[in-house]
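Examining the three-dimensional arrangement
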Amino acid sequence: MKLARRGIVALAALLSLPAAAAGDPAAGRDKADTCVGCHGIPFYTNAYPTYRVPKLGGQQPAYIVAALKAYRSGDRAHPTMHAQAASMTDQDMEDIAAFLTQAPRHPADK
Ligand code: HEC
């Protein structure tokens, strides 16, 4: 039942492309998979304690989107995050931001 609802949400997100609508946290959760390794969502811990990264969980969506756009355009210079943001669409950023603003949440807590 829950799964079916998530499927419908994902489908709705697909159909609403390419107009950058409000972020979809369910889609963002999947898109943010790679971010977790470094940013440590949802437990605020990093796999590599000596490698410092900013906390993202609970940030305002607009803040996250602005940061990602700046990395994508190169306004904010950081090779790693530029590589992350380079291939993102505006909708990807909105979705990821919508998810991150709800973090932390346990991965099993769907
Ligand atoms: C390989 C490690 C790594 C991965 C993977 C990664 N990041 Fe980052 N991220 C960093 C580091 C390091 C910084 C700090 C960069 C700086 O100083 O500007 C950062 C900064 C950021 C910032 C700016 C935060 C702030 O407070 O200024 C955002 C937003 C962000 N990352 C989002 C993401 C998202 C979304 C993903 C997944 C698509 C992701 N990151 C994947 C390492 C990573």
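The shown structure was predicted, so the numbers you read here are calculated from the model rather than taken from an experiment.

What counts as what
- Residues numbered from 1 in each chain as written.
- Predicted model: local features only at pLDDT ≥ 70, side-chain atom pairs only at ≥ 80, totals over all residues.
- Helix = DSSP H or I, 4+ residues; strand = E, 2+ residues; numbered from the N terminus.
- Buried ≥ 20, exposed ≤ 12 C-beta atoms within 10 Å, placed from the backbone.
- Contact = placed C-beta atoms within 7 Å.
- Near = placed C-beta within 6 Å.
- Nonpolar A, V, L, I, M, F, W, Y, C, P; charged D, E, K, R; others polar.
- Core = buried A, V, L, I, M, F, W, Y, C linked by C-beta atoms within 7 Å.

Some points on the overall build of the protein chain
Tallying secondary structure elements over the protein chain gives 6 helices and 0 strands in all. When the helices and strands of the protein chain are read in sequence order from the N terminus, they spell out α-α-α-α-α-α. By the burial criterion, 24% of the 110 residues in the protein chain qualify as buried. Considering only contacts within the protein chain whose residues lie at least 6 apart along the sequence, 63% involve residues at least 24 apart.

Examining helix α6 (residues 90–100)
Of all 11 residues in α6, 9 are buried, a share of seventy percent or more. Taken as a whole, α6 has its buried residues at Q91, M93, E94, D95, I96, A97, A98, F99 and L100. Buried residues belonging to α6 abut α2 (25–31) and α4 (61–73).

Examining the site of the ligand
Taken together, 18 residues are adjacent to the ligand, and C35, C38, P54, A67 and H78 come closest. When contributions to the shell around the ligand are tallied by element, the ones reaching two or more residues are α3 (33–39), α4 and α5 (79–86). Among the elements that take part in the shell around the ligand, α3 stands out by supplying 5 residues, more than any other. Here the shell around the ligand is built from residues that sort into 11 nonpolar, 6 polar and 1 charged.

Examining the environment of D30
Position of D30 among the secondary structure elements: in helix α2. It is 9.4 Å that separates the C-alpha atoms of D30 and D95, two residues lying 65 residues apart in sequence.

What about the nonpolar core?
Where a protein is soluble and globular, its nonpolar side chains tend to be buried together. Ranked by size, the top nonpolar core spans 14 residues in total, and within it I64, L68, I96, A97 and L100 carry the most contacts. Counting only elements with at least two residues in this core, the list comes to α4 and α6. Top element by residues in this core is α6. It accounts for 6 residues. Other than its neighbours up to four places away in sequence, L68 contacts A85, M88 and M93.

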